[in-house]
Every structure is written in C-alpha cells, then in structure tokens.
Amino acid sequence: MNDLRAHTSLTLEDIGRQKAELLAQIRQHQQEMGRLGKQLAAPLRPAASKGNSVVRAFNTSLAVIDGIRMGIKLMRSLRNVFGRKA
C-alpha cells in the first residue's frame, strides 16, 4: 500500500489490487473473530481432578459476586446522577 502513494495517479488496476488485499484482510479478521467467538461460547471441559473443579467453582462464584457488586454500584451512581432535581 505504501508504493501506491509514490505514484502520481492511481490506475484502476491499483485500486482493484488494493481492494482485493483489503477484502482478504477483512475475511481473515472475520474468520479469527468467529474462531474466538466459538472458543468463548464453548462449554467448559470437565475438570481433570476434584481440586480443579473446586477451584473452577470458586472462581465462577467470585466472578458472579463481583458482577453483582459492580451492578449495584452502577445502579447507585446512576440513581444519584439522574435522581437529583435542581
């Protein structure tokens, strides 16, 4: 793409080549995003040992509790911002 800036004028072939390169990059990014989305939405693999399952349950419960606390703080701050009448 940098070599296109050196030209004084662009031809239709240059524009077509640049369009094809960008389209290939977009498709590559879409495939990567799809792969990452499937990986995030995939079910958890069974724990290899009892210790791992306990740790996983503990981490999940802490994440849920943290999410609830953050939601409550957000609701309170929004209530303070929008609840006041001048």
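An account of the accompanying structure is given in this report. (Residues numbered from 1 in each chain as written. Predicted model: local features only at pLDDT ≥ 70, side-chain atom pairs only at ≥ 80, totals over all residues. Heavy atoms only, no water.)

### Thoughts on the overall build of the protein
In step 1: Of the regular secondary structure elements, the protein holds 3 helices and 0 strands.
In step 2: Of the regular secondary structure in the protein, the N- to C-terminal order runs α-α-α.
In step 3: Classification of the 86 residues of the protein by burial places 2% in the buried group.
In step 4: Carbon and sulfur atoms provide 62% of the accessible area of the protein, an area that totals close to 8,400 Å². (Helix = DSSP H or I, 4+ residues; strand = E, 2+ residues; numbered from the N terminus. Buried < 20%, exposed > 50% of the residue type's maximum accessible area, 1.4 Å probe, protein only. Areas by Shrake-Rupley, 256 points an atom, 1.4 Å probe, with all protein chains shown as cover.)

### Some words on a nonpolar patch on the surface
In step 1: Among the surface-exposed residues, L74, L78, V81 and F82 lie close enough to one another that they form a single nonpolar patch of about 440 Å² accessible area.
In step 2: Mapped onto the fold, V81 is located in helix α3 (residues 50-83). (Patch = residues over 30% accessible without salt bridge, like charges linked within 9 Å, V, L, I, M, F, W, Y side chains within 5 Å. Salt bridge = Lys/Arg side-chain N within 4 Å of Asp/Glu carboxyl O.)

### Section: the pattern of salt bridges
In step 1: Under the counting rule described, the total for this entry stands at 3 salt bridges.
In step 2: We note a salt bridge from R17 to D14, for which the minimum N-O separation is 3.4 Å. Taken as a pair, R17 and D14 lie in helix α2 (residues 12-41) at a separation of 3 residues, close to a single helical turn.
In step 3: Judged by its relative accessible area of 34%, R17 falls in the partly exposed class.
In step 4: Among the ionic pairs, R35 bridges to E32, the shortest N-O distance being 2.5 Å. Taken together, the residues R35 and E32, both in helix α2 and 3 residues apart, mark about one turn of the helix.
In step 5: Under the relative-accessibility criterion, R35 is labelled partly exposed at 44%.
In step 6: By relative accessible area, E32 is classed as partly exposed at 37%.
In step 7: Overlapping salt bridges, with partners in common, bring together D14, R17 and E21 in one network.

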